[in-house]
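A closer look at the structure
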Amino acid sequence: MTREEMLKKVDHTLLKPFAVWEDVEKLCREAVKYHTASVCIPPSYVKRVHETFGNQLNICTVVGFPLGYSVTEAKLAEVAQALREGCGEIDMVVNIGDVKAGLYHKVEQEIRAIKEACGGHVLKVIVEACYLTEEEKIAMCRAVTNAGADYIKTSTGFGTGGAVREDVELFQKHIGPGVKIKAAGGISTLEDLEMYLELGCDRVGTSRAVGLCAES
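What this report covers is the structure whose coordinates are included nearby. Predicted model only: the values in this text are computed from it and were never measured. (Residues numbered from 1 in each chain as written. Predicted model: local features only at pLDDT ≥ 70, side-chain atom pairs only at ≥ 80, totals over all residues. Heavy atoms only, no water.)

Now for the pairing of strand S5 (residues 122–126). Of all five residues that make up S5, five are buried, and the element is covered over most of its length. Neither face of S5 is left uncovered, since the one carrying Val-122, Lys-124 and Ile-126 and the one carrying Leu-123 and Val-125 both have all their residues buried. Pairing of strand S4 (residues 89–93) with S5 involves five bridges; the strand directions are parallel. Residue pairing in the sheet places Glu-89 in a bridge with Val-122 of S5. In this structure, S5 lies alongside strand S6 (residues 151–153), joined through three bridges in parallel fashion. When the bridges of S6 are listed, Lys-124 appears paired with Tyr-151. (Buried < 20%, exposed > 50% of the residue type's maximum accessible area, 1.4 Å probe, protein only. Helix = DSSP H or I, 4+ residues; strand = E, 2+ residues; numbered from the N terminus. Pairing = 2+ DSSP bridges.)

This is the structure:
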C-alpha cells in the first residue's frame with residue numbers, strides 16, 4: 001500500500017484537552033494537503049473548522065468522550081449540535097459501565113438511537129476494549145452490528161490501553177458484514193499503521209500518520 005493510499009484510511013486526530021485553535025488549524029491544513037479520510041477533533045472546534053475549511057475536509061468529532069457514561073439524551077444532543085455545525089462523522093463512546101454490568105441490550109439501544117440521529121452520516125462506536133473481557137468484546141460486536149452502526153472502534157486513546165492486534169482479529173470474526181473496523185490508540189509507528197491496515201481495518205485513528213508517512 002502506498003503512502004497516499006494509507007493516508008486515505010487515516011482519521012488525522014487531535015483530541016488533547018489542551019489543544020488550541022492553532023493546533024487544530026495545523027492539523028486541518030495537513031489533512032487537506034495529504035488527503036486524509038477525516039480530521040477527528042473536539043466538538044468545540046467543529047463549527048470553526050467547517051467555516052474555515054468548508055468542503056475541503058471531512059470533519060469527525062467525538063460524543064460521550066472519553067468516558068462514555070453520559071446519558072443517552074446528552075449524547076444525542078451532542079450529535080445534533082455537531083451535525084448542525086458541519087460534522088460528517090461521529091465517534092461515540094459506549095457506556096462502559098453498562099457493558100461491564102452485562103446490559104448489552106441497553107447499550108445496543110443507545111447505539112441504535114445515535115445511529116438514527118446520525119442519519120446518513122457515519123457512526124463509529126468506541127468500545128474501549130482495554131476494559132473488556134473477550135465475552136464483552138464479542139457482545140459489543142453483536143450490539144454494534146445489530147444497531148446498524150458503521151464501525152466498531154477499539155479505543156479512545158485515553159484508557160489504560162489502545163489498539164492491539166488480537167482485538168482487531170477478534171472483531172473480524174464477530175462483526176456483521178456491514179460493519180468496518182477502526183483501530184485507534186497508541187498507533188505510533190509506520191509499522192503499526194501498515195499492520196492495522198493489512199489486518200483489514202478500514203480506518204486508523206492517529207495523530208502521527210502524516211508525520212510518519214512524510215518521513216518515509
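One finds Val-49 and Ile-111 to be the most contacted residues of the largest nonpolar core, which totals 66 residues. Leave out the neighbours within four places in its chain, and Val-49 touches Trp-21, Val-24, Cys-28, Ile-41, Gly-54, Leu-57 and Ile-59. (Core = buried A, V, L, I, M, F, W, Y, C linked by side-chain atoms within 4.5 Å. Contact = heavy atoms within 4.5 Å.)

Structurally, Thr-206 can be placed in strand S8 (residues 203–206). Judged by its relative accessible area of 7%, Thr-206 falls in the buried class. Polar contacts involving the side chain of Thr-206 include one to the main-chain amide nitrogen of Arg-208, which spans 3.0 Å. Ignoring sequence-local partners within four residues, the contact set of Thr-206 consists of Val-10, Asp-11, His-12, Thr-13 and Ile-187. (Polar contact = N/O pair within 3.5 Å; in protein donor to acceptor, adjacent residues only side chain to side chain.)

Another point: unusual backbone geometry. Residue Pro-66 is bonded to the preceding Phe-65 through a cis peptide linkage, with omega at 0°. Backbone geometry places His-35, a non-glycine residue, at a positive phi of 60°. If you trace the backbone, His-35 turns up in the loop between helix H2 (21–34) and strand S2 (38–41). A relative accessible area of 53% means that His-35 is categorised as exposed.

With respect to the helices and strands, Ser-38 occurs in strand S2. Contact partners of Ser-38, with chain neighbours within four places excluded, come to Val-10, Asp-11, His-12, Asn-58, Cys-60 and Arg-203.

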